[in-house]
Amino acid sequence: MPRTELPAILPASGRLGAFVFSGRVIGAGACAKIYHATHEPSGRDVAVKVLDRRWIGGALPLEVRVHQAVTASGHPHLVRFLAHSRVRDPEGDVHCLVMEACHGGDVFSLLEAVGPLPEEHSLHIFAGAVSGVMHMHSLGVAHRDLKPENLLLDASGACRICDFGLSHVARLTQVGGSGVLDSRARDSCGTASYAPPEVFLAADSARNDPISSPTSYLPSHAYSSPDSCLGTTRSSPTSGRSR
């Protein structure tokens, strides 16, 4: 992945409304790339997630609705949604999701850089993640891709959950829709190295209500050792990385 580039959908000026792209790619996944940009009127740094039309299509992605809904109250442990823009293109509309920039990086990169964290630091991060997950569950939303790469750190070191693209929504009314969906998640998704054992065993528990089972999508190594969840000084962090 190049260190600098502009999304192909942007004009040569590198602008998207009030946002000016720096050309710096700060993240990438299977369905999107994330770019650094600046909100020109305020000078504020933001992150812009450009969703791949091949995976998303032209309709408003559920991810946008979920992200806006779960962060509407300003929960301190979820990356804040700021704006959504649909860019018209001859090959199909492209959706851009603007969110706050977290300058502390992600937890996986932190573990790679410094190794096992002191227990107090690990608990601080994990407590923030649990708080964010509980808030999502209270709205009928399960994240389904929790992993160190999706736990960002702000400038103060507080944990913020990001990437709601694989979320399961049990109550559409909570994300600007209508009606009720089956509260059970019938499919498996996420990142294999962090999936719970029941997903691989195809046990009945894999089809349990993810809203009422807060451990359903914790990293699998959390089941064997509480110290291993974030690689505290009493155990080593996982070495594999999968996006």
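Going by the structure above, here's the rest.
Note that the structure is a prediction, hence the values are computed from the model and not measured.

Novice: Please provide a residue-by-residue account of the layout of surface pockets, values included.
Specialist: Here the largest pocket defines a volume of roughly 1,000 Å³. Together, 41 residues line the largest pocket, and I34, K49, N150, C162 and D163 are the ones closest to its centre. Every element with two or more residues in the lining of the largest pocket is listed here: β2 (19-28), β3 (32-39), β4 (44-51), α2 (62-70) and β6 (94-100). In terms of residue class, the lining of the largest pocket is made up of 20 nonpolar, 11 polar and 10 charged. Looking at the second largest pocket, its volume works out to about 280 Å³. Secondary-structure elements contributing two or more residues to the lining of the second largest pocket are β3 and β4. With three residues, β3 is the largest single contributor of residues to the lining of the second largest pocket.

Novice: Break down the nonpolar core for me, citing the residues and quoting the values.
Specialist: One finds V70, I161 and F164 to be the most contacted residues of the largest nonpolar core, which totals 19 residues. For this core, the secondary-structure elements that each account for two or more residues are α2, α3 (107-114), α4 (119-138), β8 (151-153) and β9 (159-161). No other element matches the four residues that α4 contributes to this core. When sequence neighbours within four positions are dropped, the list of residues in contact with F164 reads E63, V66, H67, V70, L78, M136 and H143.

Calculation criteria
Residues numbered from 1 in each chain as written. Predicted model: local features only at pLDDT ≥ 70, side-chain atom pairs only at ≥ 80, totals over all residues. Heavy atoms only, no water. 1 Å grid on protein atoms, 1.4 Å probe; cavity = no way out; pocket = protein on both sides within 12 Å on 5 of 7 lines; lining within 4 Å. Points joined across faces, edges and corners; volume = space filled by probe spheres on them. Helix = DSSP H or I, 4+ residues; strand = E, 2+ residues; numbered from the N terminus. Nonpolar A, V, L, I, M, F, W, Y, C, P; charged D, E, K, R; others polar. Core = buried A, V, L, I, M, F, W, Y, C linked by side-chain atoms within 4.5 Å. Buried < 20%, exposed > 50% of the residue type's maximum accessible area, 1.4 Å probe, protein only. Contact = heavy atoms within 4.5 Å.

Honestly, it's all geometry; don't read function into it.
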